[in-house]
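The residues making up each chain are set out below.
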Amino acid sequence: MRFVVLLSLGFGHGPTPDRWTGVDKWTHLVVSSLVHGAGYSVVRAAGAGHEVAQGVAVPLSLGVGVAKELRDRRPGGSGFSGRDLVWDALGVGIAAVGAHQVR
């Protein structure tokens, strides 16, 4: 978690101010939750247990968020945003807790 906080303080200075809230941030939360849920569901449907499914879904969904931010660093992108990664992590955390509650 410290890594995500440090990223949010040091990056995100793209062409527009990187605010903590906004439609973009909610989109990061929802999409990362959906990626986690999809990954978790596929692994569970394949017969794996809860711990294995979480072990696949959490890094998968965080990896998608990191890949998106690395892509945003390219010319023409919106710029790397550590704050986006914080919202991604929050979405993954919510989905992981939800998956734990319904198992």
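Residues numbered from 1 in each chain as written. Predicted model: local features only at pLDDT ≥ 70, side-chain atom pairs only at ≥ 80, totals over all residues. Heavy atoms only, no water.

Peer 1: Even after reading the chapter, I still don't get the overall build of the chain, so can you show me in this structure?
Peer 2: The helix and strand inventory of the chain stands at four helices and zero strands. When the helices and strands of the chain are placed in sequence order, the string is α-α-α-α. Out of the 103 residues in the chain, the part that is buried amounts to 35%. Sequence separation of 24 or more characterises 69% of the internal contacts of the chain that already satisfy a separation of 6 or more. Entry remark: accessible area of the chain is about 6300 Å², with carbon and sulfur atoms responsible for 68%. (Helix = DSSP H or I, 4+ residues; strand = E, 2+ residues; numbered from the N terminus. Buried < 20%, exposed > 50% of the residue type's maximum accessible area, 1.4 Å probe, protein only. Contact = heavy atoms within 4.5 Å. Areas by Shrake-Rupley, 256 points an atom, 1.4 Å probe, with all protein chains shown as cover.)

Peer 1: Explanation requested: a nonpolar patch on the surface in the structure shown.
Peer 2: Taken together, the side chains of V52, V56, L60 and V64 present a nonpolar region at the surface, about 290 Å² in accessible area. Tracing the backbone shows L60 in helix α3 (residues 50-72). (Patch = residues over 30% accessible without salt bridge, like charges linked within 9 Å, V, L, I, M, F, W, Y side chains within 5 Å. Salt bridge = Lys/Arg side-chain N within 4 Å of Asp/Glu carboxyl O.)

Peer 1: In this structure, what is going on with the side chain of E69? I would like to understand it.
Peer 2: Following the sequence through the fold, E69 ends up in helix α3. It is K68 that comes nearest to the buried, bridge-free E69 among opposite-charge side chains, at 4.3 Å. Excluding its chain neighbours within four sequence positions, the residues that come into contact with E69 are H28, G79, F80, S81, D84 and L85. (Lys, Arg positive; Asp, Glu negative; His and termini not counted.)

Peer 1: Hey, could you run me through the nonpolar core in this one?
Peer 2: Across soluble globular proteins, you tend to see nonpolar side chains buried next to one another. Membership of the largest hydrophobic core is limited to five residues, which are Y40, V43, A53, A57 and A99. At the level of secondary structure, the elements contributing two or more residues to this core comprise α2 (23-45) and α3. In this structure, V43 is in contact with A48, V52, A53 and V56, ignoring residues within four places of it in sequence. (Core = buried A, V, L, I, M, F, W, Y, C linked by side-chain atoms within 4.5 Å.)

Peer 1: Can you walk me through the pattern of salt bridges in this structure?
Peer 2: Opposite charge on two side chains permits pairing when their charged atoms draw close. Summed over the entire model, instances satisfying the criterion amount to four salt bridges. Between K25 and D84 there is a salt bridge, with the nearest N and O atoms lying 2.4 Å from each other. With a gap of 59 residues between them, K25 in helix α2 and D84 in helix α4 (residues 82-102) connect regions that are remote in the sequence. Among the charged side chains, a salt-bridge network with shared partners connects D18, D24, K25 and D84.

Peer 1: How do you make sense of α3 when you look at a structure like this?
Peer 2: Two residues of an α-helix separated by three or four positions point the same way, owing to the 3.6 residues in each turn. Counted at 1.5 Å a residue, the expected span for α3 with its 23 residues is 33 Å, and the 33 Å between its end C-alpha atoms agrees. Of all the positions in α3, only H50, A53, Q54, A57, S61, G65, E69 and D72 are classed as buried. On its buried side, α3 packs onto α2 and α4. (Expected span 1.5 Å × (residues − 1).)

This is a description of form; function is not addressed.
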